[in-house]
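Letter by letter, the chains look like this.
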Amino acid sequence: MKLQELKENTQAVVRDLKGDARFIGRVTSIGLTPGCRVRIIKNDKNRPLLLYSRDTMISLGRSECDGIEVEEVSA
Amino acid sequence: MSTATIALLGQPNSGKSTLFNALTGLKQHVGNWPGKTVEKKEGSFAYNGMTYEVADLPGSYSMTANSDEEVITRDFIASGEADIVCILADSSQLERSLFMLADYAGISAPCFLVLNMEDVAKDQGKTINVKALEKKLGIPVMLFSATDKKAYDRFYATLERALREKSHIDVSALEKEYEKISGYSEIKDQLSETDISGYTPMWLTVKYLENDKVVSAKLKEELSGDKAASISALGEKAGGAIATGECKFNWIDKLLDGTVNKSETGVKLGKLDRIYTHRFWGKPAVVLTVILGLFASFIPALPIMGLGSLVDILKNVVQGALSTAGCPALIMGLVCDVFIQSMGYIIKMLGFVFGVTLVFGFLEEVGVMARISYVFDNTMGKLGLQGKSVMPFLVSFGCTMGGAAGTRVIDNWGQKVLTIALAWAVPCGAAWAIVPMLSTVFFGMGAPVVIAVLLLVMILHMWVTAKIFGRGLVKKEDRCGMIMELPPYHKPRWGALLRYVFGRTKDTFVRVAKVVLLVCLIFWVLSYGSGVNDTSILYRLGIAIEPVTKFFGLPWQLFIAFVASSVGKEGAVGVISALYAGGSYGEGFMAAMGGAARAANLNELLLANVTKPEALAFIFAITFNLPCVVALAATYQEIHSAKWTARIAAYYTVGALLLSCVAYHIGLLIW
Ligand SMILES: Nc1nc2c(ncn2[C@@H]2O[C@H](COP(=O)(O)OP(=O)(O)O)[C@@H](O)[C@H]2O)c(=O)[nH]1
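So, a few notes on the structure that sits alongside this text.

The rules behind these values
Residues numbered from 1 in each chain as written. Chains lettered and ligands numbered in written order. Predicted model: local features only at pLDDT ≥ 70, side-chain atom pairs only at ≥ 80, totals over all residues. Heavy atoms only, no water. Helix = DSSP H or I, 4+ residues; strand = E, 2+ residues; numbered from the N terminus. Buried < 20%, exposed > 50% of the residue type's maximum accessible area, 1.4 Å probe, protein only. Contact = heavy atoms within 4.5 Å. Areas by Shrake-Rupley, 256 points an atom, 1.4 Å probe, with all protein chains shown as cover. Lys, Arg positive; Asp, Glu negative; His and termini not counted. Charge placed at Lys NZ, Arg CZ, Asp CG, Glu CD. Arc of directions from axis to C-beta. Pairing = 2+ DSSP bridges. Expected span 1.5 Å × (residues − 1). Near = heavy atom within 4 Å. Polar contact = N/O pair within 3.5 Å; in protein donor to acceptor, adjacent residues only side chain to side chain. Nonpolar A, V, L, I, M, F, W, Y, C, P; charged D, E, K, R; others polar.

### A closer look at the overall build of chain B
Helix and strand content of chain B: 33 helices and 10 strands. If one aligns the C-alpha atoms of chain B with their principal axes, the spans along those axes are about 85 × 55 × 50 Å. Within chain B, buried positions represent 58% of all 671 residues. For chain B, contacts bridging at least 24 residues in sequence account for 76% of all contacts bridging at least 6. As displayed, chain B has an accessible area near 27,500 Å², and 63% of this comes from carbon and sulfur atoms. Taking the average location of the 61 positive side-chain charges in chain B and that of its 57 negative ones, the two points are 5 Å from each other.

### A look at helix α30 (residues 602–609) of chain B
Residue and element names in this part refer to chain B. Looking at α30, one finds that the buried residues are L602, L605 and L606. In an axial view of α30, the angular spread of the buried residues amounts to 95 degrees, which keeps them on one side of the axis. Those residues of α30 that are exposed and aimed more than 90 degrees away from the buried face are E604 and A608. For α30, the secondary structure elements touched by its buried residues are α22 (429–443) and α28 (569–580).

### Regarding the pairing of strand β3 (residues 39–47) of chain B
Residue and element names in this part refer to chain B. In this structure, strand β2 (residues 28–32) lies alongside β3, joined through five bridges in antiparallel fashion. Along β3, the bridge assignment pairs Q28 with G43. The pairing of β3 with strand β4 (residues 50–56) spans seven bridges and is antiparallel. Bridged to G43 within β4 is V54. In textbook terms, the turn of a hairpin is the stretch between consecutive antiparallel strands, and for β3 and β4 this stretch comprises two residues, one of which, N48, has a positive phi near 55 degrees.

### A look at helix α12 (residues 225–236) of chain B
One turn of the α-helix equals 3.6 residues, which is why residues spaced by three or four share an orientation. All names here are of chain B. Between its first and last C-alpha, α12 extends 17 Å over 12 residues, near the 16 Å set by a 1.5 Å rise per residue. Of all the residues in α12, the buried ones are A228, I231, L234 and G235. Projected down its long axis, α12 shows its buried positions confined to an angular sector of 130 degrees, all on one face. Among the exposed residues of α12, those pointing more than 90 degrees away from its buried face are G225, D226 and E236. Here the buried face of α12 lies against α9 (184–190), α10 (201–209) and α11 (213–222).

### What about the site of the ligand?
Residues and elements named next belong to chain B. Neighbouring the ligand are 18 residues, the closest being N13, S17, T18, D119 and E365. Within the side chain of T147, one N or O atom sits 3.2 Å away from a nitrogen atom of the ligand. Separating an oxygen atom of the ligand from a backbone N or O atom of E365 is a distance of 2.6 Å. Considering the ligand on its own, with 570 Å² of exposed area, one finds that the protein chains cover 86% of that surface. At the level of elements, α1 (16–24) and α5 (118–123) are the ones that each hand at least two residues to the shell around the ligand. Here the shell around the ligand is composed, by residue class, of four nonpolar, 10 polar and four charged.

In short, shape yes, function no, at least from these values alone.
In structure tokens form, the structure reads like this:
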């Protein structure tokens, strides 16, 4: 499923990244790579998504989330 | 004395600027990288008989050539200009922030690693075994707090050691990870005889796999046709930046395994963040924060503004003294009307810049600015800007110069210029002082309608300006949406902040003073000899081109007032009242800039001489004219580009005349 389909306070594992080299470069450099665990902190319509991963609070634009495939896991 | 050059490298929020400012103090120089729209920060310091040149490399997340910033950073390091590269990482978020180190590994320039934010990591209960990390990495590593003065002795010691050792990152473990990628070894073999100085074959291979534009193009040039074809076939199956990114993080995990023990920290949004990130209350909370900030910035500003008023008194004293001494009027004019008058004006404006830089520097420092970015990302993104740009816009309702000074929190040069270009369209405090007055005189109950229309036009103006300038300033491919760390709140460090703000205000003062003095001098020369039998250049020019300006709805008196409003909008009313009263507009202007009251019978004068359409034209002309010379100078100070400053100024002058023309002709239809 897509990252932005996750509800607040759920956890997931990144499965795949899709996009151009620039996008992939930026997303990996902030720590989101396949296999990494993320926790959704905030997911409001028309706002960037807030998530927590690798000790870091990250804010991701909604269109950026489109390129991130995740799989929900239980906490 | 010998010198060494240090380059600072680190992801945003790693504490790079804090370290740079602490090392170099006020000995820094900000310019642009040659031919690029990227800010260049350099500085120097002396320690133990050595001079150190410090280059603060432009902010970037990785060493991949995705943006101008990253290309510049990489080229600088590869050029060998730096004797040592200081890589910064955030100890409290080691896992993520060591990415820069992993991406750097394989570049030939020697380096050392600074694990900043030691204090934060300690508070989280993290312990980091530096010795073990040093052993695994093969380079000097130190724990550090850039905000702690006492930590700097250790920093200098590590720096000296790093310069002695000139060591490189041990990449063997990392390369083992890369070797798991299919095709990696084969590509690397093909590259064995290429010679791109500054990089190892491992690093080039990884960047090639990541589709790095610059590296791929270079390799294509260097390799023979069939070799290029074979690596491109191999590269296609390898999995690109996703695969190499996984390798880098695997390496980091192994690096940290056994060297860092962390107690799991839970994450929850704090109370403040729950408000700022609230779906409904977020925006009001941000706007309120900025407005409160605007008011707060008057507190430190007022004493300085008071000082400016003292200068006005000084002017009268000097004028009196000079005239009793029988000084020629020309000299007296130059000293009093140009020099002292301008100084008073500059100092008053500077007070506001000081306040705004302080308050908004504070908000950036503690981390509120990142929340503002988050909340307004969507809205500002439509203009090609970052969410933070909302702050300079709101500040510009008070003073455009303050808005310009506030753009220093925007880390992308193009977006900074665009933000200032748009902020100029926001009517500033001086416009608010005269526009409602003029509207009430001419339109009575219709004044609120005029003001509402002005605000609508402002929004339209910003939109059009963003379209016109946006393309050149913020390239489409650079308009990547928000992928940003939301840093935890930090305690402010008043000492460093104040030092920074004072330095900044001093710089602004020097630059602004130059520009304002020059412009006031020109204005004074143009209006020299004005009076009853007017012989001034401006008067003659105004009369000569009146047939043209009439078309824009501006009789010569209003046109000259419009020209004067480019110096300062406060002056415009003084000029009209002087001109219609048959007095010297030069004196009227100077008096108005000095804060003198306008003619008592101004209303009657205006109503007797100016028609409604002309008044409407004039209101539009001065509202959307360039804000004032001080804002012009502050813009130049902030963007370091005379070309762009001139371009924006010319655009606003033309734009204001066009708007006044439209307003005039619409006015003619109505009245
Ligand atoms: N507690 C703490 N805060 C720090 C330290 N170093 C920097 N900061 C703060 O971290 C924030 C980001 O630092 P800055 O120098 O702007 O990072 P840059 O984006 O890398 O230039 C600022 O609010 C600094 O005051 C440190 O060692 N300890």
